[in-house]
Structures are given as structure tokens and as C-alpha cells.
Amino acid sequence: MKNHVVARRESEEVIQGVSAHAKANPAQGDRMALGFGAFEKAAEVRVISGNDMELLVDGQETFDAIFEAIDSATDYVLVQFYIINDDVLGRAFQARLLAAAGRGITVRLLYDSVGCIKLPKAFLIKLHEGGVQVMDEHAVRGPKTRFQINFRNLRKTVVIDGTMGFIGGCNVGDEYMGRDPKFGAWRDTHCRLHGPIVSQLQLVFAEDWYWAKEENLIEALNWEAGRAEADMDGLIMATGPADIQETGSLYFCATISAARERLWIASPYFVPETDIMTNLKLAAMRGVDVRIMVPEVVDHTIPWLAAFAYFDELMQAGVQILRYDSGFMHQKVLVVDDAIASVGTTNLDNRSCRLNFEATAVLFNQQAATDVATMLEADFQKCVRLEKMLAEQPRKIRLGAPVARLFAPLL
């Protein structure tokens, strides 16, 4: 039997068919001069114009917008989340999907069985009985081995009628609304998309749906997303272990290499591979303002500790490490100069770059970069800059970081 990585390439027919619809409105001009080439080759889609991106800063803004969009759907709703909880937000989400299905809207929901391991079957049964098409990402073809459990789908995607899309870091759970007594305020970012980039986001969902159910959605979906007045250039960078190249690493290296004045990155998990570390240090050494924002609050202990094993050499090269300490910081966001902004699910760690299925919206636009930079500047005010080297840290960190780094390939 084919393993997970090889079998997933069977959806190539779907990718090619959908791409024929999603290639409309390519960005104009010298693509290499504009810096699009590396991103396009890594993503295997073109940078397209006619888009708009609106930041949704925190869970409240995100789910207010998503619920409003689901309520406005006239044809179909595509939804994919890694984690769905049976809590206040989860049940409100369930009710919105059931209401849409009840009024004749086609609703498709993809979930990851690892991320939703605590979700009661009754929750999913209720959705199914209410007319929602519910699919476990791994139901048909995996995982078949212990290692393949590592191939998690962390994409958080909503597409409405093929004309509006959502992507970012928020899952469906009360903690993302700041209701978890352990974490308190939860800092995350999603975004709302309009324009042809929505077709690319829909392409990613169509591929995942085909993998899960072997059902081709090309003819069932709308591929005319329209154009947004903001006319931003952008693409969806979808990454995963089935990629021919290490797309996640290429994405980060491309953004770092593009920076001339500013590179600000927010990532809850920081366990980078060697190429990314080298590029970060070189960027700082050539005078780029490199800032990496990570959480002070502990979510997963081992990756949190492992990050300290990388900070010394980065700080010695001139990189600022900012530790967010006003609740838990979970956003995956970056900005390059006044030129590139991205919001999505891709973390700066090996698991995200090599093992997980991720997706990120990348916009090549000054206004998008300004919006993300303004948001991050406000976050920086809630951070403490790391000044102490590893040898000066408390014993737990000083001894734990080198040990945790040994597990870097799986973190």
C-alpha cells in the first residue's frame, strides 16, 4: 500500500484542474524583478493581482467575521480546522454550520483526527445528521504507521461561495477567545481575503478534500472570485510533507532573503533548521532590523525550552528576541520592509516546515505590510526583550534547552 506522502500525490489531477481556474489575473511586470519568482516556484502557483486582505486581530474578531460570513452564504461553505472543541465556541460554530445546511447551503467540514482527539463523536454525528458533509482528513488513507501520525493537517480555512476566504492561526475553541483560565488572553491573528487569492485557498481545500474522500470538487465549486478594489498582489503558500521540495523552509528563506530594512516575525514555536538560522543571522548582520516575537507563556514545554538553545547565536548576530508576556501568543505572522506581509499557520519550527500540512496567505503590497507592521508594533509593547544569554538563565532553562534541542527534527 502506498504511504501517505506518495498517495497524496494522486491528487495531482485535482491540483492541475483547479489551477486552470485559479490562474486568472497574474500580477503584471517583471516577475523576477518584483521578487515573485522564488515564492511562485515554492508554492507552485502564480502571484495574482486583484486581492484584498483584512486583518482580524484576536479570536473575537475572527469568529464574529467567520460566523457572519457563514450566515451570508448563498451556495456553499468550506471549512477546515485542526482543532474543534465541544465548548461554548465549538457549539456556536456547530450551530452556524447546521443553520447554513438547514437553509439548503452545501456545507463541507474537514477536521484532523489528531487535533480533534478530544471531540466527542456525538458532536460530529449531530453535524452529519443535520446535513453537513463531515470528513476526517485521514479517514480513508492514513495514518497507517506511528510515524505518519506526525503528518498533521493544521490548516484553518473557511471559504464562502468561492468569493471570500479566511486563514490564520485560530482554531475553534474557547481558549482562542481568551476563556482558558491557564492561558488567559490569547493573542492570535486571522485574516479575511477577497479576490482571486480565494480561488487558491479553495484549491488547497479541494486537494485536501480529494485526499480525504477521493471526491473531485472542481465542477462543484465557483472559481470566479472577482477582483477587489485594493488590487493587492498575493498567493497562498501551501506546504506539506508531500511537497517535492521543503516548501516551508523555502518560504521562510525567501522572505528573509528579500528583507532590506525590516524583518519582523511572530511565531509561537521557534525551532528553526540550519538554513533558516543562517539566513536570519545574515539578514541581521547586513543591517536588517530583525525581530522575532515568541511567547513568554509556556504552551508545550519541550519546544519552548528548545528555543532558548537558538537565541544566543541570533542575539550575537544582532537579532532582537521579544518575549510576549500578556497572555499566550499563537499568531504566525511576518512582515518584510514595506513590501511583503503574511498571515497563516506556518510556524518557525521543523515540524511546521517538514511534517505538517500548513497554509499561509502572502501579500506583496505596501498597505498589507503597513497593516501587519502596525499590529506587530502594538504587540511589541507587550513584550520583554530577551537580554540574558543561556548561561545566565535559570537552571531549568540552562540545562533543559540543550537537551530539548536534541529533539529539534520532531519539534
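Here, every reference points to the structure presented above.
Parameters and conventions
Residues numbered from 1 in each chain as written. Predicted model: local features only at pLDDT ≥ 70, side-chain atom pairs only at ≥ 80, totals over all residues. Heavy atoms only, no water. Helix = DSSP H or I, 4+ residues; strand = E, 2+ residues; numbered from the N terminus. Polar contact = N/O pair within 3.5 Å; in protein donor to acceptor, adjacent residues only side chain to side chain. Contact = heavy atoms within 4.5 Å. Expected span 1.5 Å × (residues − 1). Buried < 20%, exposed > 50% of the residue type's maximum accessible area, 1.4 Å probe, protein only. Pairing = 2+ DSSP bridges. Phe/Tyr/Trp six-rings, centres within 6.5 Å; stacked < 30°, edge-to-face > 60°. Axes fitted to C-alpha atoms, helices over the stretch in contact; angles between N-to-C directions. Parallel < 35°, antiparallel > 145°, perpendicular 65-115°, else oblique. Nonpolar A, V, L, I, M, F, W, Y, C, P; charged D, E, K, R; others polar. Salt bridge = Lys/Arg side-chain N within 4 Å of Asp/Glu carboxyl O. Core = buried A, V, L, I, M, F, W, Y, C linked by side-chain atoms within 4.5 Å.

Caption draft 1: Spatial organisation of the side chain of Lys 156. Along the polypeptide, Lys 156 turns up in the loop between strand 4 (133-136) and strand 5 (157-160). Of the polar contacts made by the side chain of Lys 156, one reaches the backbone oxygen of Leu 154; its length is 3.0 Å. Setting aside residues no more than four positions away along its own chain, Lys 156 makes contact with Gln 80, Phe 81, Tyr 82, Phe 166, Ile 167, Gly 168, Gly 169, Cys 170, Asn 171, His 190, Lys 332 and Thr 345.

Caption draft 2: Quick look at helix 7 (residues 197-213). Look at helix 7: 24 Å from first C-alpha to last across 17 residues, which is about the 24 Å you get at 1.5 Å a residue. With 16 of its 17 residues buried, helix 7 lies for the most part within the structure. Note on helix 7: the residue one or two positions beyond its end, Glu 214, has a positive phi of about 55 degrees.

Caption draft 3: Fine view of the pairing of strand 8 (residues 189-194). Taking burial as the measure, the 6 residues of strand 8 include 5 buried ones, the bulk of the element. As judged from the 6 bridges shared by strand 1 (residues 48-57) and strand 8, these two strands associate in the antiparallel manner. Bridging from a neighbouring strand, Glu 54 pairs with Arg 192 of strand 8. Of the strand pairs in this sheet, strand 6 (residues 164-168) and strand 8 are connected by 5 bridges, and their pairing is antiparallel.

Caption draft 4: The packing of aromatic side chains, seen in detail. The full count for this structure, using the stated rule, is 16 aromatic pairs. Judged by centre distance (4.7 Å) and plane angle (50 degrees), the ring pair of Tyr 176 and Trp 186 falls under tilted. On the criterion of sequence distance, the pair formed by Tyr 176 in the loop between strand 6 and strand 7 (186-187) and Trp 186 in strand 7 is long-range, its members being 10 residues apart. For the ring pair Phe 183 and Phe 328, a centre distance of 5.4 Å and an interplane angle of 45 degrees mean the geometry is tilted.

Caption draft 5: Molecular detail of unusual backbone geometry. Phi at Glu 44 takes a positive value of approximately 60 degrees, unusual for a residue other than glycine. Within the secondary structure, Glu 44 is located in the loop between helix 3 (37-43) and strand 1. At Asp 337, a residue that is not glycine, the phi angle is positive and equals roughly 50 degrees. Its location among the elements puts Asp 337 in the loop between strand 15 (333-336) and strand 16 (340-344).

Caption draft 6: Spatial organisation of the packing of helix 10 (residues 301-317) against helix 13 (residues 395-405). It is the contact of helix 10 with helix 13, at a shortest axis distance of 7 Å, that shows an interaxial angle of 95 degrees. Considering the angle they form, helix 10 stands roughly perpendicular to helix 13. Within the contact between the two elements, helix 10 uses Ile 302, Trp 304, Leu 305, Ala 306, Phe 308, Ala 309, Tyr 310 and Glu 313 and helix 13 uses Lys 396, Ile 397, Gly 400, Ala 401, Ala 404 and Arg 405. When the residues that make up the contact of helix 10 with helix 13 are grouped by side-chain class, the tally is 10 nonpolar, 1 polar and 3 charged.

Caption draft 7: Expanded view of the pattern of salt bridges. Tallied over the entire structure, the rule returns 14 salt bridges. Salt-bridge contacts for Arg 192 lead to Glu 54; the nearest nitrogen and oxygen are separated by 2.7 Å. In this pair, Arg 192 is assigned in strand 8 and Glu 54 in strand 1, connecting sequence segments 138 residues apart. Close ionic contact of Arg 179 with Asp 174 constitutes a salt bridge, the shortest N to O distance being 2.9 Å. Overlapping salt bridges, with partners in common, bring together Lys 281, Glu 313 and Arg 405 in one network.

Caption draft 8: How the structure looks around the side chain of Glu 40. Here Glu 40 is to be found in helix 3. Among the polar contacts made by the side chain of Glu 40, one reaches the main-chain amide nitrogen of Val 47 at a distance of 2.8 Å.

Caption draft 9: The arrangement of the nonpolar core in detail. Counting 51 residues, the largest nonpolar core has Leu 235, Leu 263, Phe 270, Leu 280, Phe 311 and Ile 321 as the members making the most contacts within it. Top contributing element to this core by residue count: helix 10, with 10 residues. Those residues in contact with Ile 321 that sit more than four places away from it in its chain are Ile 292, Val 294, Phe 311, Leu 314, Met 315, Val 384, Arg 385 and Leu 386. Counting 45 residues, the second largest nonpolar core, distinct from the first, contains Ile 197, Leu 221, Val 335 and Leu 363.

Caption draft 10: Main features of the environment of Thr 360. Inspection of the secondary structure puts Thr 360 in strand 18 (residues 358-364). Distance in space between the C-alpha atoms of Thr 360 and Tyr 251 is 9.7 Å, their sequence separation being 109 residues. Excluding residues within four positions of it along the chain, Thr 360 makes contact with Ile 167, Leu 235, Ile 236, Met 237, Tyr 251, Ser 342, Val 343, Gly 344, Thr 345 and Thr 346.

Caption draft 11: Quick look at helix 4 (residues 59-72). Relative to the 20 Å expected for 14 residues at 1.5 Å per residue, helix 4 spans 20 Å between its end C-alpha atoms, a close match to the ideal helical length. Within the span of helix 4, buried status applies to Gly 59, Thr 62, Phe 63, Ala 65, Ile 66, Phe 67, Ala 69 and Ile 70. Close packing links the buried residues of helix 4 with strand 1, strand 2 (76-81), helix 5 (88-102), strand 5, strand 6 and strand 8. Among the residues of helix 4, the N-terminal cap falls to Asp 58, whose side-chain oxygen and the backbone nitrogen of Gln 60 are separated by 3.0 Å.

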